[in-house]
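So you can see what is in the structure, the chains are spelled out below.
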Amino acid sequence: MSKEFNRRNFLGLMGTVPLISVLPGLKAPGTETELHPGPGSLPENALAEILETKIICIEPGRFPVVSSAIDKNGHPVQTNSSVEPNRYVGWPTVVLTTENELIVVYSGDRDSHVCPFGKTHLIKSADNGQTWSAPVTITNTPLDDRDAGIIQTRQGTLVVSWFTSLAFENPNWPAAYYKYFRVGEKISAQTKQAWLGNWIKRSSDGGKTWLTPSRTVGTAPHGPVNLKSGHLLYVGTGSYQSMGPILVEKSTDDGITWKVIGNIPVPKKATSISEPHVIELPSGKLLAMIRNESKEFHNGYLLQSESYDGGNTWSMASETAIWGYPPHFTLLKNGELLLSYSHRKLPYSQKACISHDEGRTWDIENEIMLTRSANSDMGYPSTTQLNDDSLLTVYYQSPGNGEPTNIMSTHWLLKK
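Residues numbered from 1 in each chain as written. Predicted model: local features only at pLDDT ≥ 70, side-chain atom pairs only at ≥ 80, totals over all residues. Heavy atoms only, no water.

1. Notes on empty space enclosed by the protein
Item 1. Taken as a whole, the second largest cavity spans an internal volume of roughly 50 Å³.
Item 2. Lining the second largest cavity are Glu52, Lys54, Asn128, Gly129, Gln130, Leu392, Ser409 and His411.
Item 3. For the lining of the second largest cavity, the elements supplying multiple residues, two or more each, are β1 (48–57) and β26 (406–414). (1 Å grid on protein atoms, 1.4 Å probe; cavity = no way out; pocket = protein on both sides within 12 Å on 5 of 7 lines; lining within 4 Å. Points joined across faces, edges and corners; volume = space filled by probe spheres on them. Helix = DSSP H or I, 4+ residues; strand = E, 2+ residues; numbered from the N terminus.)

2. Here's the deal with the pattern of salt bridges
Opposite charge on two side chains permits pairing when their charged atoms draw close.
Item 1. Per the counting criterion, the structure on display carries 15 salt bridges.
Item 2. The partner of Arg62 in a salt bridge is Asp109, and the shortest N-O contact between them spans 3.0 Å. Here the residue Arg62 occupies a position in the loop between β1 and β2 (64–70), and Asp109 occupies one in strand β5 (residues 102–110), the gap between them amounting to 47 residues.
Item 3. Its relative accessible area of 9% is what places Asp109 among the buried residues.
Item 4. Residues Arg146 and Asp144 are paired through a salt bridge, measuring 3.0 Å at the closest nitrogen-oxygen approach. Across the pair, Asp144 and Arg146 agree in class, each one buried. (Salt bridge = Lys/Arg side-chain N within 4 Å of Asp/Glu carboxyl O. Buried < 20%, exposed > 50% of the residue type's maximum accessible area, 1.4 Å probe, protein only.)

3. Thoughts on the layout of surface pockets
Item 1. There is about 930 Å³ of room inside the largest pocket.
Item 2. Residue lining of the largest pocket: 32 residues in total, with Val95, Asn226, Thr330, Leu331 and Thr384 positioned closest to the centre.
Item 3. At the level of elements, β4 (88–96), β8 (144–152), β12 (225–226), β16 (273–280), β20 (325–331) and β24 (378–385) are the ones that each hand at least two residues to the lining of the largest pocket.
Item 4. In terms of residue class, the lining of the largest pocket is made up of 14 nonpolar, 14 polar and 4 charged.
Item 5. In this structure, the second largest pocket spans a volume of roughly 300 Å³.
Item 6. Taken together, 15 residues form the lining of the second largest pocket, with Asn334, Gln385, Leu414, Lys415 and Lys416 sitting closest to its centre.
Item 7. The residue inventory of the lining of the second largest pocket, partitioned by class, reads 6 nonpolar, 3 polar and 6 charged. (Nonpolar A, V, L, I, M, F, W, Y, C, P; charged D, E, K, R; others polar.)

4. Considerations on the sheet that holds strand β10 (residues 198–203)
Item 1. If you trace the 4 strands from one edge of the open sheet to the other, you get β8-β9-β10-β11, paired in antiparallel fashion. At either end of the open sheet lies a strand with only one pairing partner, and these are β8 and β11 (214–216). Strand-to-strand twist of the sheet, defined as the mean angle between neighbouring strand axes without regard to direction, takes the value 30 degrees.
Item 2. Here 6 bridges tie strand β9 (residues 158–165) to β10, and the two strands are oriented antiparallel to one another. Each residue of the ladder has a partner; that of Phe163, found in β10, is Asn198. (Pairing = 2+ DSSP bridges. Axes fitted to C-alpha atoms, helices over the stretch in contact; angles between N-to-C directions.)

5. Side note on the environment of Gln78
Item 1. In this structure, Gln78 sits in strand β3 (residues 76–83).
Item 2. You can call Gln78 exposed: its relative accessible area is 53%.
Item 3. Taking C-alpha positions, Gln78 is 43 Å from Val94, a pair spaced 16 residues apart along the chain.
Item 4. Sequence-distant contacts of Gln78, that is, excluding residues within four places in its chain, are made with Val66, Ser67 and Ser68. (Contact = heavy atoms within 4.5 Å.)

6. Remarks on the pairing of β1
Item 1. Judged by how many residues are buried, β1 sits mostly within the fold: 7 of 10 residues are covered.
Item 2. In terms of strand pairing, β1 meets β26 through 8 bridges, oriented antiparallel. Its bridge partner being in β26, Lys54 is matched across the sheet by Ser409.

Written out as structure tokens, the structure reads:
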């Protein structure tokens, strides 16, 4: 692959099951056998107790896969057929609504990490994540629908974000290109222009119906966030006029329209950054974390920036001691700040870290490992706090052995 594999390059392209075997330590849907939390034992942690790790969504294959040969007359003939493997799913976000319903959105019904077929899928749980509904498709554009963020606004509206991609027809991704370039040829230039980009869609009835989507300039895996003012803030990857690559957008009409209000300054050596997340803290400060894969600038360590004027201006992004990506913030009921992220080097795992002082310092010595992963095709964890104060972290990962990814959750507690 001639292009360095990182998320910013992928975004730059924009033009970028039930699983029969589960990780040792997981409980597959429909089974009653309690296993361990993942391959290898988890290290003891002074802050956290892991209650359960399990698969919450698998998408089995539905369509036949046919092998063919040429007969003696030169005609293609079917030699055998079978059902396609379980589908690849990824990049989820979870929200707990005011109706005490858990909703997870993600990119589903995929062949692989890069393909033309991604759709935005949604699953729900009415019992704190014990059981989950079957997936429902809420977005299916003519392009590849990737990532999925979700929040519920103060007006009760569900807001889902995603972006579309044509990476599958780019030769820099040869495994996808040689398989799917004919798919790209069948999509007209007008359709590509109409649908390529970053999107928001809204539902005012709990996800039963969805309104016409609108564009945003930037994109981030977990989408926008609520402000105490009732406005929405979206810190994402993008470019606007002379600003970028980390843009700040604001909506004052419950997510219908968006306006770029600024950007986060980054050091010149931070050349490969993307996938930020932001949160408003009790003091009114805004805190943003940014995925960083800059080889010459603290590669893999998250970058952090603050705003004290509602997101109009920001401090220079600076390195933290936290290695992992991408970030997701959760403000806990006790006022502490939780950061969730994946650790895509050995030991592959989903992790979390606590700040007791609004992000000025992080308790990295007590970094929490939520579960291990068989390989690096995983992550994008997001966390919500349930009504009993326990935590639910949702992410995707692969069990390895050639199996596709699935959506998983870890239910856990912070120790008193």
